[in-house]
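# Observations on the model geometry
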Amino acid sequence: MAMQNLRDLYVDELKDLYSAEHQIIRALPKMAKAASAPELKNAFNQHLEQTKHQVERLERIFKDLGKTPRGKKCLGMEGIIEEGSEMLKEKADAAVKDAGLISAAQRVEHYEMAGYGTARTFAQMLGFNDAAQALQETLNEEGDTDHKLTQLAESMINPAAEHESAETSGYAEEEDLYMEEET
Ligand code: FE
Ligand code: FE
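Cut-off values and rules
Residues numbered from 1 in each chain as written. Chains lettered and ligands numbered in written order. Predicted model: local features only at pLDDT ≥ 70, side-chain atom pairs only at ≥ 80, totals over all residues. Heavy atoms only, no water. Donors = N, O, S within 2.8 Å, 3.2 Å for Na, K, Ca; no water. Helix = DSSP H or I, 4+ residues; strand = E, 2+ residues; numbered from the N terminus. Buried < 20%, exposed > 50% of the residue type's maximum accessible area, 1.4 Å probe, protein only. Core = buried A, V, L, I, M, F, W, Y, C linked by side-chain atoms within 4.5 Å. Contact = heavy atoms within 4.5 Å. Expected span 1.5 Å × (residues − 1). Bend = angle between axes of the 7 residues up to and from the residue. Polar contact = N/O pair within 3.5 Å; in protein donor to acceptor, adjacent residues only side chain to side chain. pLDDT = per-residue confidence, 0-100. Axes fitted to C-alpha atoms, helices over the stretch in contact; angles between N-to-C directions. Parallel < 35°, antiparallel > 145°, perpendicular 65-115°, else oblique. Left-handed = near helix turned anticlockwise from the far one by under 90°. Nonpolar A, V, L, I, M, F, W, Y, C, P; charged D, E, K, R; others polar. Phe/Tyr/Trp six-rings, centres within 6.5 Å; stacked < 30°, edge-to-face > 60°. Salt bridge = Lys/Arg side-chain N within 4 Å of Asp/Glu carboxyl O.

## Let's talk about the coordination of the iron ion (ligand 2)
Around the iron ion (ligand 2), the protein supplies His47 (NE2), Glu109 (OE), Glu109 (OE), Glu112 (OE) and Glu142 (OE) as donor atoms, at distances of 2.0 to 2.7 Å. Each donor residue of the iron ion (ligand 2) belongs to the same chain, with the gaps between them written as H-x61-E-x2-E-x29-E. For the pair the iron ion (ligand 2) and the iron ion (ligand 1), the metal-to-metal distance amounts to 3.2 Å, and Glu112 bridges them. Of this pair, Glu109 and Glu112 both sit in helix α4 (residues 94–126), three residues apart, roughly one helical turn. Across this residue pair, the class does not change: Glu109 and Glu112 are buried.

Given below as structure tokens:
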């Protein structure tokens, strides 16, 4: 079906988001299972529950539009999740793996934020104020999740990963050499 106007494009964007959210609902339990830090497991599980509400928000928007949410696959999210799933199989040190899972999850959140920001703006332009507000709510939740993941990475996970790699790979010594060369 050809897209003739902004409304058609808006519906297309919403279908893309709907597909993306369903893919995330399938991926998050695997990420929670693969995470070692209890805080990270919790963060993934909490966001899973939040994501289910985000799907309901989209379903309400489709209902108000008299459209079906089905019929599109979000290939961007498929690629991001596929890339992240490599991390699930990785036999890395626990803290390093957690850092990798956070990295993958933040890519998911940023991709969602781009989609929801666009859809929110289209809704505003089309005068769908309730939908714009609902999309903004989800956008805020994705942003909050992204910040929470950054805080987790900064507070515990990334420094621990760095510590491990310095001990096991001699990276710290290499860094010292490099500094000497420079001066
Ligand atoms: Fe989401
Ligand atoms: Fe999300």
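## Some words on the nonpolar core
Among the nonpolar cores identified, the biggest contains 23 residues, and Met31, Leu40, Phe44, Met77, Leu101, Ile102 and Leu149 are the most heavily contacted of them. Residue assignment for this core shows that the elements contributing at least two residues are α1 (6–34), α2 (38–65), α3 (75–89), α4 and α5 (129–169). The element contributing the most residues to this core is α1, with six residues. Excluding its chain neighbours within four sequence positions, the residues that come into contact with Phe44 are Leu28, Met31, Ala32, Ala35, Leu101, Ala105 and Leu149. In terms of nonpolar packing, the next biggest core, distinct from the first, is built from 19 residues, Val55, Leu58, Phe62 and Leu65 among them.

## Considering α1
End to end, α1 covers 41 Å across 29 residues, agreeing with the expected 42 Å (1.5 Å per residue, within 8%). Ala27 marks where α1 bends most, by close to 30 degrees; the proline Pro29 follows one to four residues later. You can read the cap of α1 off the contacts: a side-chain oxygen lies 3.2 Å from the backbone nitrogen of Arg7, and it is on Asn5.

## Observations regarding the confidence of the model for the protein
Regions with low pLDDT carry predicted coordinates that are not meant to be interpreted in detail. Overall, the predicted model of the protein reaches an average pLDDT of 89, with 86% of residues at or above 70. Per-residue pLDDT stays below 50 along residues 169–183; that stretch engages in five contacts with residues further than four places along the chain or on separate chains.

## Digging into the packing of α1 against α4
Remark: α1 packs on α4, axes separated minimally by 10 Å, with the N-to-C direction vectors making an angle of 160 degrees. Regarding the angle of α1 to α4, the classification is roughly antiparallel. Here the hand of the crossing between α1 and α4 comes out left-handed. Considered class by class, the residues forming the contact of α1 with α4 number 19 nonpolar, two polar and seven charged.

## A short note on the packing of aromatic side chains
Tallied over the full model, the rule gives two aromatic pairs. The interplanar angle of 25 degrees and the centroid separation of 5.7 Å between the aromatic rings of Tyr10 and Phe128 together place this pair among those described as stacked. With Tyr10 in helix α1 and Phe128 in the loop between α4 and α5, this pair connects stretches of sequence that are 118 residues apart. Exposure remark for Phe128: the relative accessible area of 24% places this residue in the partly exposed category. A centroid spacing of 6.1 Å and a plane angle of 70 degrees characterise the contact between Tyr18 and Phe62, whose relative ring orientation is edge-to-face. Pair noted here: Tyr18 is in helix α1 and Phe62 is in helix α2, with a separation of 44 residues, a long-range link. Overall, the relative accessible area of 1% leaves Phe62 in the buried class.

## Considering the pattern of salt bridges
For side chains of opposite charge, pairing can occur when their charged atoms come near one another. Under the defined criterion, the tally for this structure stands at seven salt bridges. The shortest N-O distance in the salt bridge between Glu83 and Arg107 comes to 3.8 Å. On the criterion of sequence distance, the pair formed by Glu83 in helix α3 and Arg107 in helix α4 is long-range, its members being 24 residues apart. Among the charged side chains, a salt-bridge network with shared partners connects Asp12, Asp16 and Lys72.

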